Amino acid sequence: MIGNTVIKEVMVTGEPYFAVEQAPCKQGKPKGNEDEVLLSGIFELLQIEVDCESSGTQQHKESCYSKNVLRKKKHWENTVAAKKIKRKQKKQKKKENLSSQSALESLLTKRDLKVITKEKLLKARDSGPRICIDLSMTDHMNNKEISRLAAQIRRLYGTNRKSTNPFRIYLTSFIPGGPIHSECLRMNDGFTSYIMDMVEESYLDLFPRETI
């Protein structure tokens, strides 16, 4: 209390504020200018204290925010680095497998390789994963599209032959004498000896619905 003035500290939304009340005069006259000068000095001190507290709180928040950002940035960098190492290891392993396979093939004759490839494809017909090419829409294709499809079948079969674990390939709705059959015979040497299932049935009739 200064003169007839009472200063009370109150909290509003977590921040300190100061309320000023005028107390009743018991006797005598108010000091007037003297009280005003004193109050002005005290308010300046109080304002400095409040500003310091607010500044400290803001700096603390900024510090916490900065630490959180740095932690997330560090975690992201570690994740990226780990993925990069994993890709490199996978690429190296694939390269080693190809090198060992090439070294093995270099010791074999073409006839041996042909026998091994045929055995792999025949084994795939019994236990390998299956892939089906539905040719039921070939009647709606033009000649250029038919030729591209025949080329795709040739590339598919060539890739499957070289695979360590080949698929069992089905050509469904494959009509002998049809456009796609004629084009495959024209473009692909040895097409009739391809080890794949060429059937006239639709894939819907060939496979149980629950396996499609």
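Described in the following lines is the structure provided in the data block. Note that the coordinates shown come from a computational prediction; the quantities given were computed from them, not determined experimentally. (Residues numbered from 1 in each chain as written. Predicted model: local features only at pLDDT ≥ 70, side-chain atom pairs only at ≥ 80, totals over all residues. Heavy atoms only, no water.)

**Focus on the packing of aromatic side chains**
For clarity, the threshold we go by: Any two rings among Phe, Tyr and Trp, with Trp reduced to its six-membered ring, count as a pair given centres within 6.5 Å; such a pair is stacked if its planes are under 30 degrees apart, edge-to-face if over 60, and tilted if neither.
Per the stated rule, a full pass over the model turns up 4 aromatic pairs. Within the aromatic cluster, the residues linked to one another by ring pairs are Tyr 157, Phe 174, Phe 191 and Tyr 194.

**Some details on the pairing of strand E3 (residues 130–134)**
Regular strands show a simple pattern: their side chains alternate between the two faces of the sheet. How we decide: At least two bridges found by DSSP between two strands are what make those strands a pair. Counting from the N terminus, the helices are DSSP H or I runs at least four residues long and the strands are E runs at least two residues long. When the strands point away from the viewer and the connection leading from the first strand across the helix to the second strand turns clockwise, the crossover is called right-handed.
Two strands pair when backbone bridges link them, and E3 and strand E4 (residues 168–172) are joined in this way by 5 bridges, in the parallel orientation. The residue of E4 that forms the bridge with Ile 133 is Leu 171. In this fold, E3 hands off to helix H3 (residues 143–162), which returns the chain to E4; that crossover is right-handed.

**Regarding the sheet that holds strand E5 (residues 197–198)**
A sheet is described by the order of its strands in space; here 3 strands give the open sequence E3-E4-E5, paired in parallel fashion. The two strands at the open ends of the sheet, each matched to only one other strand, are E3 and E5.

**Topic: the packing of helix H2 (residues 110–127) against H3**
When two helices pack together, their arrangement is given by the angle between the helix axes and the distance between those axes. The test is simple: Whenever a helix is involved, its axis is fitted only over the stretch in contact; in every case the axis is a line through C-alpha atoms, and angles between N-to-C directions fall within 0 to 180 degrees. In what follows, roughly perpendicular refers to angles from 65 to 115 degrees, roughly parallel to angles under 35, roughly antiparallel to angles over 145, and oblique to any angle outside these ranges. Any pair of residues with heavy atoms lying within 4.5 Å of one another is described as a contacting pair.
At a closest axis distance of 9 Å, the pairing of H2 and H3 adopts a crossing angle of 100°. It follows from the interaxial angle that H2 and H3 lie roughly perpendicular. Taken together, the residues of H3 that come into contact with H2 (itself represented by Thr 117, Lys 120 and Leu 121) are Tyr 157, Asn 160, Arg 161 and Lys 162.

**Quick word on the environment of Lys 162**
Filter applied, for reference: The cut-offs for exposure are 20% and 50% of the maximum accessible area for each residue type, with area from a 1.4 Å probe on protein chains only; residues under the lower value are buried, those over the upper are exposed, and the others partly exposed.
Mapping Lys 162 onto the fold places it in helix H3. Take Lys 162: its relative accessible area is 66%, and that puts it in the exposed class.

**Re unusual backbone geometry**
Not every positive phi belongs to a glycine, and Ser 173 is a case in point at roughly 55°. Its location among the elements puts Ser 173 in the loop between E4 and helix H4 (179–187).

**Details of the nonpolar core**
Applicable threshold: Think of a nonpolar core as a cluster: buried Ala, Val, Leu, Ile, Met, Phe, Trp, Tyr and Cys residues, connected wherever their side-chain atoms sit within 4.5 Å.
Judged by nonpolar contacts, the single largest core of 16 residues is most densely connected at Leu 135, Ile 153, Leu 171, Ile 180 and Phe 191. Broken down by secondary-structure element, the contributors of at least two residues to this core are H3, E4 and H4. Among the elements that line this core, the one with the most residues is H3, at 5 residues. Aside from chain neighbours lying at most four places away, what touches Leu 171 is Ile 133, Leu 135, Ile 153, Phe 191, Met 196, Asp 197, Met 198 and Val 199.

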